[in-house]
Amino acid sequence: MQTIIRKVDENCIDEKIMKEAGALLKAGALVAFPTETVYGLGANALDEKAAAKIYAAKGRPSDNPLIVHIADMESLKLITEEIPEAAYQLADKFWPGPLTMVLKKSDAVPYGTTGGLDTVAVRMPSHPIALEMIRYGGGYIAAPSANTSGRPSPTLASHVLDDMNGIIPMILDGGAVGIGIESTIVDLTEGVPTILRPGFITKEMLEEVVGEVQIDKGLSADSKTPPKAPGMKYRHYAPKADLMIVEGAREAVIEKINALVQENESKGVCTGIIGTEETISRYPSGIVKSMGTRRDELSISSHLYSILREFDESDAEIIYSESFSEGAMGSAIMNRLLKAAGHKIMKV
Ligand code: TXA
Ligand code: MG
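Residues numbered from 1 in each chain as written. Chains lettered and ligands numbered in written order. Predicted model: local features only at pLDDT ≥ 70, side-chain atom pairs only at ≥ 80, totals over all residues. Heavy atoms only, no water.

As for the overall build of the protein chain
Under the convention used in this document: The numbering of helices and of strands both runs from the N terminus, where a helix is a DSSP run of H or I of at least 4 residues and a strand a run of E of at least 2. In this treatment the radius of gyration is a C-alpha quantity, and the globule benchmark scales as 2.2 Å times the residue count to the 0.38 power. Only protein chains enter the accessibility calculation, which uses a 1.4 Å probe; a residue whose area is less than 20% of its type maximum is buried, one above 50% is exposed, and one in between is partly exposed. Any pair of residues with heavy atoms lying within 4.5 Å of one another is described as a contacting pair. The method behind every accessible area is Shrake-Rupley, applied with a 1.4 Å probe, and residues are considered shielded solely by the protein chains displayed.
From N to C terminus, the protein chain includes 11 helices and 16 strands. The C-alpha atoms of the protein chain give 20 Å as radius of gyration, which agrees with the globular expectation for 348 residues (20 Å, within 12%). Considered along the principal axes of its C-alpha atoms, the protein chain spans approximately 60 × 50 × 35 Å. Evaluated residue by residue, the protein chain yields a buried proportion of 56% over its 348 residues. Considering only contacts within the protein chain whose residues lie at least 6 apart along the sequence, 68% involve residues at least 24 apart. For the protein chain, the exposed surface amounts to about 14500 Å²; the carbon and sulfur share of it is 52%.

Shown next, in the form of structure tokens:
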């Protein structure tokens, strides 16, 4: 199969291209598209056969459910069994945007989309290209991140091409995404709303709207119970090199990383470093990459996955990363980085 890449300007969307993408989706084919979080791999969510193609293209385990993307509130009614008041309140505040809500599914949603679950995850993205494509594609688009399972989520169309070339018919290239890590997932199907995956929308932001919110206990590394979002149990985003996070006061971290690099280089081990604009000049050797600036959290979150992909192209055998736990998005960024590191963290 030949993969066609169509460049789309989000400020001036070419409706001809959208129609083309919509026709593919309606015919049961896959189209990759930008959202404000990461690139998604879309298929008609109400067509079990189309959803099955997503699992095949990604090599995704079949028990890992898909998020259904919609473009308006009316669409929520068809795919859910009941909509609690909290869902309306959260939608009012955060949709369109990087929030996914888990609700009871209706019969309209096939089990092939929900991984056999009686619940459905729903999101209304804010990216104009995503919204337009959903409308042209029939209104209900199942879309996981558009990476091969186990690779970092794509934040550029070129990342999608690296993983999906020859496997899907079309990629809509809308440039770099803004947030760079996947949406916050909140489960509204039982009692207290529960965060199943941290993201740009924080616990505090949710609590301002609906009161008490809890975090799924299964998310912590030492938990005995598995995470409630099936996808969170997999070791995602694993870079080829060994990744270790070094945490502590800035000067101590710089000193420790430089010492580790020296030690590795004396043994001939090629070493990578993940720092920031504020620190990269302090690392005299090793393959040094900047995540962004600590003055702007989005510059950090939006570069995380592309840096992991860049290291996969390099000769680095081991990577040391600074820690990024401070700030509103700290828990979301560290959730991804810790997974990539297999939870290896060194405190200095
Ligand atoms: O930002 C995002 O959410 C991106 C863009 C493309 O919208 N999508 C995304 O999808 O991250 P994916 O498939 O990579 O992650 C979906 C996560 C998985 O961890 C999955 O297990 C969980 O959502 N999930 C989906 N449906 C669920 C359900 N009914 N109950 C619990 N978890 C669910
Ligand atoms: Mg994913």
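Back to the write-up after that little detour.
Remarks on the pairing of strand 5 (residues 99–104)
Heads up, the condition is: A pair of strands is treated as paired once DSSP finds two or more bridges between them.
In terms of residue burial, strand 5 counts as a mostly covered element, since five of its six residues are buried. When strand 5 meets strand 9 (residues 184–187), the two strands line up parallel, connected through four bridges. Each residue of the ladder has a partner; that of Val 102, found in strand 9, is Asp 187. Bridge analysis of strand 5 against strand 6 (residues 119–123) gives five bridges, and the strand direction is antiparallel. The partner of Met 101 across the bridge, within strand 6, is Val 122.

Topic: the domain arrangement of the protein chain
To be explicit about the condition: All the domain ranges listed were derived from an automatic or database domain assignment. What counts as buried area is the accessible surface, traced by a 1.4 Å probe, that two parts surrender upon association, with contributions from both included. Should a side-chain nitrogen of Lys or Arg be within 4 Å of a carboxyl oxygen of Asp or Glu, the pair is scored as a salt bridge. Distance and chemistry together define a polar contact, namely a pair of N or O atoms within 3.5 Å, with one atom able to donate a hydrogen and the other to accept it when in protein, and with adjacent residues in sequence counting only for side-chain atoms on both sides. Polar here means any residue other than Ala, Val, Leu, Ile, Met, Phe, Trp, Tyr, Cys and Pro, which are nonpolar, and Asp, Glu, Lys and Arg, which are charged; Gly is therefore polar.
When the domains of the protein chain are assigned, the result is domain 1 (4–193) and domain 2 (242–347). Contacts between domain 1 and domain 2 engage 17 residues on the former and 13 residues on the latter. Carbon and sulfur atoms make up 54% of the surface buried where domain 1 meets domain 2, a total of about 1100 Å² over both sides. Inspection of the region where domain 1 meets domain 2 yields three salt bridges. One salt bridge connects Arg 151 with Asp 312, and the closest N-O pair in it is separated by 3.4 Å. The interface formed by domain 1 and domain 2 holds eight residue pairs in polar contact (both at pLDDT 80 or more) in total. Counted by class, the side of domain 1 that touches domain 2 contains six nonpolar, seven polar and four charged residues.

With respect to the sheet that holds strand 16 (residues 345–347)
To keep it simple, the criterion reads: Angles here are taken between N-to-C directions and fall from 0 to 180 degrees, while the axes themselves are lines fitted to C-alpha atoms, restricted in helices to the stretch in contact.
An order of 14-13-15-12-16 is seen for the five strands of this open sheet, with the pairing classed as parallel. Every other strand in the sheet has two partners, leaving strand 14 (287–290) and strand 16 as the edge strands with one partner each. Within this sheet the neighbouring strands show an average axis-to-axis angle of 20°, counted without direction.

Structural notes on the packing of helix 10 (residues 297–313) against helix 11 (residues 330–340)
Here is the rule: Convention used here: angles under 35 degrees read as roughly parallel, angles over 145 as roughly antiparallel, angles from 65 to 115 as roughly perpendicular, and any remaining angle as oblique. Crossing handedness follows the turn of the near helix against the far one: under a right angle anticlockwise gives a left-handed crossing, and clockwise gives a right-handed one.
Taken N-terminus to C-terminus, the directions of helix 10 and helix 11 make an angle of 15°; their axes are 10 Å apart at the nearest point. On the basis of the axis angle, helix 10 is roughly parallel to helix 11. The interaxial crossing formed by helix 10 with helix 11 has left-handed handedness. Counting all contacts with helix 10, which are made through Glu 297, Ile 300, Ser 301, Leu 304, Tyr 305 and Leu 308, the residues of helix 11 involved are Gly 330, Ile 333, Arg 336, Leu 337 and Ala 340. Here the residues of the contact of helix 10 with helix 11 sort into seven nonpolar, two polar and two charged.

Topic: the site of ligand 1
Put simply, the rule is: Whether a residue is near a molecule or strand is decided by its heavy atoms; if any one of them lies within 4 Å of it, the residue is near.
Near ligand 1, the surroundings consist of 28 residues, among which Thr 37, Asn 64, His 69, Ser 183 and Gly 231 are the closest. At a separation of 2.6 Å, an oxygen atom of ligand 1 approaches a polar side-chain atom of Thr 37. Between ligand 1 and Pro 230, the relevant distance is 3.3 Å, taken from an oxygen atom to a main-chain nitrogen or oxygen of the residue. When ligand 1 is considered free in solution it has 680 Å² of accessible area, and contact with the protein chains removes 97% of it. Contributions of two or more residues to the shell around ligand 1 are made by strand 4 (67–69), strand 6 and strand 10 (194–197). Counting residues per element, the shell around ligand 1 draws most heavily on strand 6, which supplies four residues. Among the residues making up the shell around ligand 1, the classes are represented as 15 nonpolar, eight polar and five charged.

A short note on the packing of aromatic side chains
Using the following cut-off: Pairing of aromatic rings covers Phe, Tyr and the six-membered ring of Trp, with a centre-to-centre limit of 6.5 Å; geometry is then stacked below 30 degrees between planes, edge-to-face above 60, and tilted otherwise. Comment: the charge-over-ring label is applied if NZ (Lys) or CZ (Arg) is within 6 Å of the ring centre and within 35 degrees of the ring normal.
In total, this model carries zero aromatic pairs according to the counting rule given. Lying across the ring of Phe 311, Lys 289 places its NZ or CZ 5.3 Å from the centre.

Some details on helix 10
Here is the rule we go by: Expected span of a helix, by definition, is 1.5 Å for each gap between consecutive residues, and there is one gap fewer than residues. To get the bend at any residue, fit one axis to the seven residues that end at it and another to the seven that begin at it, then take the angle between the two axes.
Spanning 17 residues, helix 10 covers 25 Å between terminal C-alpha atoms, matching the ideal 24 Å at 1.5 Å per step. Along helix 10, the sharpest change in direction is near 40° and occurs at Leu 304. With 12 of 17 residues buried, helix 10 lies mostly within the body of the structure. All buried positions along helix 10 are accounted for by Ser 299, Ile 300, Ser 301, Ser 302, Leu 304, Tyr 305, Ser 306, Ile 307, Leu 308, Arg 309, Phe 311 and Asp 312. Its side-chain oxygen placed 3.1 Å from the backbone nitrogen of Leu 298, Asp 296 serves as the N-cap of helix 10.

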